[in-house]
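Understanding the architecture of this molecule
Each chain is listed here by its residues.
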Amino acid sequence: MKSEYEWTRRNLIGIENLTPEEVTFILDTAVSFKKTMGRSVKKLPSLRGKVVANLFLEPSTRTRVAFEVAANRLSADVLTVSGSSSSITKGETLRDTAQNIEALKADMIVIRHSAPGSPLYLSQLVDIPVVNAGDGAHEHPTQALLDCFTLREKIGSLEGKKVAILGDILFSRVARSNIWALRKLGAHVTLVGPSTLVPGTFESMGAEVSHDLRSALTDADAVMLLRIQHERQSQMHFPSLGEYTSLFGLNRERTSWLKPEAVIMHPGPLNRGVEIDSDLADSSRSVILDQVTNGIAVRMAVLYLCASADEWQKREAVL
Amino acid sequence: MSVEPLIIEGGRIVDPSSNRDEVGDLFLRDGVVSTPFARDKARVIDAKGKVVSPGLVDIHVHFREPGQTHKEDVGSGTRAAAAGGFTTVVCMPNTSPPCDNPATIRYINNAIAENAVVKVHTTGCLTKGMEGDSLAPIGSLKKAGVVAVTDDGRCVQNNALMRQVATYSEMFDLPVMDHCQDTSLTEGSVMHEGDWSLRLGLKGWPAAAEDIIVSRNIILSELTRAHIHMQHVSSAGSVSLLRRAKQRGVAVSGEASPHHISLTDKYLGGYDPVFKMNPPLRSEDHRLALIEGLRDGTLDCIATDHAPHRNYEKDVELDSAPFGITGLETSLPVCLETLHRSSGFSLSEVIDLMTRKPAGLLDLQAGTLSEGADADVTIFDSEKEWTPTIDGFQSRSDNSPWLGQTLRGQVETTIVQGRIVYEDGKIL
């Protein structure tokens, strides 16, 4: 790990407020953790004796499991509270839930919540580190970090690289976090999809907006697909899945517009045959499963860094 | 009812209704503004260095009685009004149950008679249950004493019904006040649609949702000749539409709130629910358009939309928090700062927007220091700095973005019909 750099954040709420150096530092830290994943004994003692509470108040499998595995690898004990089984369903407020978790002497909270801003709110309620595992359409910082980690592995430095993000940008926390992260690392970001899902106002975040798939994909170094959340969009944002696929679905022919070495990414879960042809999802260009593996290393890095900053700050306060 | 004669001595008397702005004495006897009388027969209030204005008038407050008196009731709401310098307020009908029948109005009138420390007028609903489906008994509500009709908090979406509301209300000479919101564009929305909502991942509330209904109301006012008043106007588009309609002589009017002229959507950057309002705080260009609307008379008055909620109700995720802020106790200093000190309005112009003009919109006998008028007076120090605190509020709620902020301009004395109801921070 880079010893000359001092990481001071005890919370990870979003990418927007991180400096480019901080983004890079997390990714560099994750490189070290990924190396440990090849060992026969994968556990590290970094968080031994700590309790990480996974407060998942919105359905999630991949992210929740990835955080659990990451915490376990760091030797933490994991306490998982899910929305359907929590007292939130009985009307308990997030404040009360959080304070109960803190009273149980958890050392960190990882939160997934449908309300944007809830991790920030939570961080103001409790005196332990809070990590955002996705808040509504706001941010999903660890997803963006693992995406950037994967891109760095596959295509090297992101400085000057062209990355297209394709699909439901409007409702996507993954898109927002990735725009911030990719821009901080020097990449050029093009958002592409139907105008109802990719409004021009996204240009205020420093991304280019396009509704022309061919121009957006031409010479791109990577394309990030986003799941079309047809279950929540009814008929308001595009006429049908068929029309979406015919205009914006990724298939073999359209993949040829990319650079030859370009990679295809997807945060999952996939709608095979909608946003991507099924065989393309399983092709050599797809790095979808690499993303899953890298998600563990990145989350190990985030948990480790936030816990370390918290411990250091509390020790300083005592002194 | 006999009250002690009062002489308010040496203050700067600012009464836009009589074009008066001069240092002098004001005489109050038998509950009305009087001709001068002997000093030895009265209590003398030293107002040197202070402003003496007509009692402030607010045509848009929520007192939550009946139904949600844990947030506010007529007693606490009028105490907040008095502390803010208001002597006349008009309360909205979205209580629980809503004021869609004379019995509920009579219930509130009883509460007013028993507990109010300032004058309170009631409004009735436009539609039964505020459901937007059928006409409320507007004639009976008029008989019960309402001064206007509104479904505030909701907006009639059915244009044909809104036309009938306007036509029917006009028969009773009752202004229609409308909360302008096309709900098909705002479902799930929590803040202004713009760069900030995009960045924060919050569902945006386009200004067009207001503009569409303001347009509709202008067209229906022209068609029916009814007076339709647009509540808490928040968008530049609405101001522009109203400006053109007024130039054609259409009987429409509009109000702006202290928070919409002073704050913008950037304050939601920290997801603090105290800034969550309906309509939402908009961007700077909209805010400036509202101020220009007040300057050129397109917008007729200031109204607070005083909307109390208890602190635990706002202490939740932004998505779940209720809309609205309290406003009565901070309105005057916020308007002095935003309009007088920052935008070049004269003191008299600001007071006009908070006295004569709102009173005139609903034909209320208030907002003037003319001889023989009710002795409703506000004395304030326009330069005094103070910091609102939870303990200092008279309102039962404290959902104010100005808590802990330094404000300039403080009410010292509020007089209603010749009786001092608020003085030196205390309700008397």
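Preceding this section is the structure that the text describes.
**Quick word on the packing of helix H1 (residues 20–36) of chain A against helix H5 (residues 141–155) of chain A**
Residue and element names in this part refer to chain A. Where H1 meets H5, the closest approach of the two axes is 10 Å, and the angle between their N-to-C directions is 70 degrees. The angle between H1 and H5 falls in the class roughly perpendicular. Seen from above, H1 lies across H5 with right-handed handedness. Here Val23, Thr24, Ile26, Leu27, Asp28, Ala30, Val31 and Lys34 of H1 lie close against H5, whose contacting residues are Leu145, Cys148, Phe149, Arg152 and Glu153. Here the residues of the contact of H1 with H5 sort into 8 nonpolar, 1 polar and 4 charged.

**Observations regarding the sheet that holds strand S3 (residues 108–113) of chain A**
All names here are of chain A. What the 4 strands build is an open sheet, ordered S2-S1-S3-S4; its pairing is parallel. Every interior strand has two partners, whereas the edge strands, strand S2 (77–82) and strand S4 (130–135), have only one. Across the sheet, the axes of successive neighbouring strands diverge by a mean angle of 15 degrees, strand direction being ignored. In the sheet, S3 pairs with S4 via 4 bridges, with the strands oriented parallel. In the sheet register, valine 110 faces S4, and the bridge partner there is valine 131.

**Digging into helix H12 (residues 288–318) of chain A**
Relative to the 45 Å expected for 31 residues at 1.5 Å per residue, H12(A) spans 45 Å between its end C-alpha atoms, a close match to the ideal helical length. Roughly 25 degrees is the biggest bend found in H12(A), and it falls at A:Asn294.

**A word on the environment of A:Pro267**
Residue and element names in this part refer to chain A. Along the polypeptide, proline 267 turns up in the loop between strand S9 (263–265) and helix H11 (278–281). Taking C-alpha positions, proline 267 is 16 Å from arginine 152, a pair spaced 115 residues apart along the chain. Apart from residues lying up to four places away in sequence, proline 267 is in contact with Arg62, Gln143, Val174, Leu225, Leu226 and Gln291.

**Quick word on the interface of chain A and chain B**
Contacts between chain A and chain B engage 21 residues on the former and 12 residues on the latter. With both sides pooled, the region where chain A packs onto chain B buries about 1500 Å², and carbon together with sulfur makes up 57% of that total. Of all residues in chain A, the largest losses of buried area upon contact with chain B belong to A:Pro116, A:Tyr121 and A:Ser204, amounting jointly to 30% of the total for that side. Summed over the shared surface of chain A and chain B, the result is 2 salt bridges. Residue B:Arg199 is joined to A:Glu16 by a salt bridge in which the shortest nitrogen-to-oxygen separation is 3.3 Å. The set of elements that each furnish at least two residues to the side of chain A that touches chain B consists of helix H3 (94–103), helix H4 (118–125) and helix H6 (173–184) of chain A. The greatest single-element share of the side of chain A that touches chain B, amounting to 3 residues, is contributed by H4(A).

**Quick word on the environment of B:Arg43**
Residue and element names in this part refer to chain B. Along the chain, the position of arginine 43 falls in strand S4 (residues 43–46). Taking the relative accessible area as the measure of exposure, arginine 43 reaches 30% and is therefore partly exposed. Spatially, the C-alpha atom of arginine 43 lies 33 Å from that of leucine 362, the residues being 319 residues apart in sequence. Arginine 43 has contacts with Glu4, Pro5, Leu6, Ile7, Ile420 and Glu423, leaving out every residue within four places of it along the chain.

**With respect to H1(A)**
In an α-helix there are 3.6 residues to a turn, and that puts residues three or four apart on one side. Residue and element names in this part refer to chain A. Here H1 spans 25 Å end to end across 17 residues, near enough to the 24 Å set by a 1.5 Å rise per residue. Of the positions making up H1, those classed as buried are Glu22, Val23, Phe25, Ile26, Leu27, Thr29, Ala30, Phe33 and Thr36. Packing partners of the buried residues in H1 comprise H5, H6 and H12.

**A word on the pattern of salt bridges**
Tallied over the full model, the rule gives 38 salt bridges over all chains. The shortest N-O distance in the salt bridge between A:Arg64 and A:Glu68 comes to 3.3 Å. Taken together, the residues span about one helical turn, with A:Arg64 and A:Glu68 both in helix H2 (residues 62–73) at a distance of 4 residues. Using a relative accessible area of 19% as the deciding quantity, one classes A:Glu68 as buried. In this structure, the salt-bridge partner of B:Arg243 is B:Asp296, at a minimum N-O distance of 2.7 Å. Pair noted here: B:Arg243 is in helix H7 (residues 236–247) and B:Asp296 is in the loop between helix H9 (284–295) and strand S15 (301–302), with a separation of 53 residues, a long-range link. One connected set of salt bridges, linked through shared partners, spans A:Arg10, A:Asp127, A:Asp310 and A:Lys314.

Rules behind the numbers
- Residues numbered from 1 in each chain as written.
- Chains lettered and ligands numbered in written order.
- Predicted model: local features only at pLDDT ≥ 70, side-chain atom pairs only at ≥ 80, totals over all residues.
- Heavy atoms only, no water.
- Axes fitted to C-alpha atoms, helices over the stretch in contact; angles between N-to-C directions.
- Helix = DSSP H or I, 4+ residues; strand = E, 2+ residues; numbered from the N terminus.
- Parallel < 35°, antiparallel > 145°, perpendicular 65-115°, else oblique.
- Left-handed = near helix turned anticlockwise from the far one by under 90°.
- Contact = heavy atoms within 4.5 Å.
- Nonpolar A, V, L, I, M, F, W, Y, C, P; charged D, E, K, R; others polar.
- Pairing = 2+ DSSP bridges.
- Expected span 1.5 Å × (residues − 1).
- Bend = angle between axes of the 7 residues up to and from the residue.
- Buried area = accessible area lost by both parts, 1.4 Å probe.
- Salt bridge = Lys/Arg side-chain N within 4 Å of Asp/Glu carboxyl O.
- Buried < 20%, exposed > 50% of the residue type's maximum accessible area, 1.4 Å probe, protein only.

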